[in-house]
Amino acid sequence: MTASLAIRDCVPDDRDAVAALWTACGLVVPWNDPLADIALALSKPSSTILLGTLGGQIVASVMVGHDGHRGWVYYVAVDPALQGHGHGRRMVEAAEAWLHEAGMPKVQLLVRETNQRVLAFYETLGYAKSPVTMMQKWLTKPSP
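Everything numeric here is computed off the predicted structure, so don't read it as measured data. (Residues numbered from 1 in each chain as written. Predicted model: local features only at pLDDT ≥ 70, side-chain atom pairs only at ≥ 80, totals over all residues. Heavy atoms only, no water.)

**Remarks on the overall build of the protein chain**
Threshold: Where helices and strands are cited, they refer to DSSP runs of H or I of at least four residues and of E of at least two residues respectively, numbered from the N terminus. Whether two residues are in contact is decided by their heavy atoms, any of which lying within 4.5 Å being enough.
Counting its regular elements, the protein chain contains four helices and five strands. Overall, the protein chain shows an N-to-C arrangement of helices and strands of β-α-α-β-β-β-α-β-α. Taken over the C-alpha atoms alone, the protein chain extends approximately 40 × 35 × 30 Å along its principal axes. Counting only contacts in the protein chain whose residues sit at least 6 apart along the sequence, the fraction spanning at least 24 positions is 64%.

**Some remarks on the pairing of strand β4 (residues 71–78)**
Which entries qualify depends on this criterion: Residue exposure (1.4 Å probe, protein chains only): buried if accessible area is under 20% of the type maximum, exposed if over 50%, otherwise partly exposed. Two strands form a pair only when DSSP identifies at least two bridges running between them. Classification remark: right-handed applies to a crossover when, strands pointing away from the viewer, the course from the first strand over the helix to the second runs clockwise.
With seven of eight residues buried, β4 is to be regarded as a mostly interior element. Bridging between strand β3 (residues 57–66) and β4 involves six bridges; their strand directions are antiparallel. Following the sheet pairing, H66 is matched in β4 by G71. What sits between β3 and β4 in their antiparallel hairpin is a turn of four residues, with G68 showing a positive phi close to 95°. Here β4 pairs with strand β5 (residues 107–109) via three bridges, running parallel. Its bridge partner being in β5, V73 is matched across the sheet by L109. This β-α-β element, β4 to helix α3 (residues 87–101) to β5, shows right-handed connectivity.

**Quick word on the packing of aromatic side chains**
We count it as follows: When the centres of two rings from Phe, Tyr and Trp lie within 6.5 Å, Trp using its six-membered ring, the rings pair. Their planes under 30 degrees apart give stacked, over 60 give edge-to-face, and anything left gives tilted.
Tallied over the entire structure, the rule returns four aromatic pairs. Note on W72 and Y74: the rings are 6.3 Å apart at their centroids and 20° apart in plane angle, and the pair reads as stacked. Between Y122 and Y127, the aromatic rings sit 5.8 Å apart at their centres with planes inclined by 70°, giving edge-to-face as the arrangement. The same class applies to Y122 and to Y127, which are both buried. By way of ring pairs, the aromatic residues F121, Y122 and Y127 are connected into one cluster.

**Notes on the state of the cysteines**
To keep things clear, this is the line we draw: What counts as a disulfide here is a pair of cysteine sulfur atoms lying within 2.5 Å.
Following the criterion strictly, the structure yields zero disulfides and no others. In this model C10 remains outside any disulfide bridge; the closest cysteine sulfur is found in C25, 15 Å from its own. Exposure remark for C25: the relative accessible area of 17% places this residue in the buried category.

**A look at the pattern of salt bridges**
This is how it is decided: Throughout this description, the term salt bridge denotes a Lys or Arg side-chain nitrogen within 4 Å of a carboxyl oxygen of Asp or Glu.
Enumeration over the complete set of coordinates arrives at three salt bridges. For D14, the salt bridge identified is with R8, shortest N-O distance 2.8 Å. Of the charged contacts, one joins R15 and D16 as a salt bridge, the two residues approaching to 3.6 Å between their closest N and O atoms. Judged by relative accessible area, which is 40%, R15 ranks as partly exposed.

Shown next as structure tokens:
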């Protein structure tokens, strides 16, 4: 384990650094605008973005929120140069603590089929595949 990761809440001024981290980690896709996702998460009392910092620099993130029944975790990111040192685990633990404090009995996350390598990481944290089918419908047509 390297230096201790400090966890803090994201503020609007962090948006460009957070979007750059997500891009560096390959989490940004054409149909999700990271700046809009950040703004939305920070505008609601049922969601936030937690940041991991080393020496004041943003090196990790997790977006966390809930629907009143279950918690959700998104955008778990660690600077690629710092992966493998427990920072991702620390960010997920911080998200779980946030959700527990909000009274959520369960947490869920989605993994894109193109991001299979992270499944083993989540399994080491106690996550398991859920026997459900996720369905979706676009309410706003995504931009190409």
